[in-house]
Each structure stands twice: as structure tokens, then as C-alpha cells.
Amino acid sequence: LSIKYNEDMFADGTFYIAPIFGYQVFITRVFAPEINSFYTTSLSILNNKELATYELLFEELKKNESNYNNNIISNYNNNIIVIPKILHSDFEKSIFNASIKIFHNITIKYCTYLYKCYIQY
């Protein structure tokens, strides 16, 4: 499903449901018009919010996506990979930098709701 909608990836972390052995649960999603809803493409338990952690996560997501889809999007070390064009996320600099490094020409679109929350405080 996600290869069909790979142009836009939505990502965010939550601390509320994180297990005691992890810092956050990081969720990626795509929008599926057929069900008029977001479709979760990954749930990852992360131990921190560091750049290297997000880089590893995005690299693994890129590799795993290629294992489940036959469409060729790009070639990387002779593997087929899927590269989203737009990442929708909050204002976390580590997510931004990791996505630029792993997905190269990706465009970042920030969540305006969270921006409004940030400027209120």
C-alpha cells in the first residue's frame, strides 16, 4: 500500500505510549484515499531523539519498503528503494536533518498546529 502513496510521509513520535524500555514510539503514515484515512506504515520504539537514531530508522524504513514492493523508484547499492518526496513532521531538527540525509531531495512540511502551540509558550 505505501508505495502507491509514497510521495507524502507523515511522521511523529509519542511519549505517552512508549514502553518503559524505550523513550518514544515513532510512527510513520501515508494517506490512503480508498479508505479516507491514514495508514500506519511503521511503529518504532526509539531510545532517544538523536540524529543517528533517526538516520538509522529512516535507512531501515527505506530498505524494508523495497522488500515489500516491486515498483522501482530509485537504485541504491543495487537495491530497489522507495523515496518519499514530502515529509510532514513537527519542528524537531534531528528528524529534519536525518530525512534530508537519507532521502536527499525530500521537502519538509511542518505541522502548523504544533507551530501554533510552540509560539503560545
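So, here is what we can say about the structure in this document. (Residues numbered from 1 in each chain as written. Predicted model: local features only at pLDDT ≥ 70, side-chain atom pairs only at ≥ 80, totals over all residues. Heavy atoms only, no water.)

## Considering helix H2 (residues 93-103)
One turn of the α-helix equals 3.6 residues, which is why residues spaced by three or four share an orientation.
Here comes step 1: Regarding H2, the residues found buried are Ser 94, Ile 95, Ala 98, Ser 99, Ile 102 and Phe 103. One side of H2 carries all its buried residues, which in axial view fall inside an arc of 125°.
Here comes step 2: Phi turns positive one or two residues past the end of H2, at His 104, with a value near 55°. (Buried < 20%, exposed > 50% of the residue type's maximum accessible area, 1.4 Å probe, protein only. Helix = DSSP H or I, 4+ residues; strand = E, 2+ residues; numbered from the N terminus. Arc of directions from axis to C-beta.)

## Details of the pairing of strand E7 (residues 107-110)
Here comes step 1: Note: strand E6 (residues 86-89) against E7, four bridges, orientation parallel. Bridge pairing in E7 links Ile 86 to Thr 107. (Pairing = 2+ DSSP bridges.)

## Examining the pattern of salt bridges
Here comes step 1: Applying the stated criterion to the full structure yields three salt bridges.
Here comes step 2: Residue Glu 55 pairs with Lys 101 through a salt bridge whose shortest N-O separation is 3.5 Å. In this pair, Glu 55 sits in helix H1 (residues 51-68) while Lys 101 sits in helix H2, placing the two residues 46 residues apart along the sequence.
Here comes step 3: Take Glu 55: its relative accessible area is 17%, and that puts it in the buried class. (Salt bridge = Lys/Arg side-chain N within 4 Å of Asp/Glu carboxyl O.)

## A few points about the side chain of Gln 24
Here comes step 1: Summarising the element assignment, Gln 24 is placed in strand E2 (residues 24-32).
Here comes step 2: With a relative accessible area of 1%, Gln 24 lands in the buried category.
Here comes step 3: Polar contacts involving the side chain of Gln 24 include one to the side chain of Tyr 54, which spans 2.7 Å.
Here comes step 4: Excluding anything up to four places from it in sequence, Gln 24 contacts Gly 13, Thr 14, Phe 15, Ala 18, Ser 44, Ile 45, Leu 46, Asn 48, Lys 49 and Tyr 54. (Polar contact = N/O pair within 3.5 Å; in protein donor to acceptor, adjacent residues only side chain to side chain. Contact = heavy atoms within 4.5 Å.)

## Side note on the environment of Phe 58
Here comes step 1: As for its position among the elements, Phe 58 is in helix H1.
Here comes step 2: Judged by its relative accessible area of 0%, Phe 58 is buried.

## Structural notes on the nonpolar core
Most often, soluble globular proteins have nonpolar side chains that are buried together.
Here comes step 1: Within the largest apolar cluster, 15 residues are counted, with the highest numbers of intra-cluster contacts made by Phe 26, Tyr 54, Phe 58, Leu 87, Ile 95 and Phe 103.
Here comes step 2: Elements that contribute at least two residues to this core include exactly strand E1 (8-14), H1 and H2. (Core = buried A, V, L, I, M, F, W, Y, C linked by side-chain atoms within 4.5 Å.)

## Structural notes on the sheet that holds E7
Here comes step 1: Strand order in the open sheet formed by five strands is E3-E2-E1-E6-E7, and the pairing between neighbours is mixed. The sheet terminates laterally at strand E3 (37-46) and E7, the two strands that pair on one side only. The mean inter-strand angle of the sheet, taken between neighbouring strand axes irrespective of direction, is 25°.
Here comes step 2: H2 rests against E1, E2, E6 and E7 of the sheet, and its axis sits at about 155° to E7. (Axes fitted to C-alpha atoms, helices over the stretch in contact; angles between N-to-C directions.)

Note that every value here comes from positions in space, so none of it alone points to a role or purpose.
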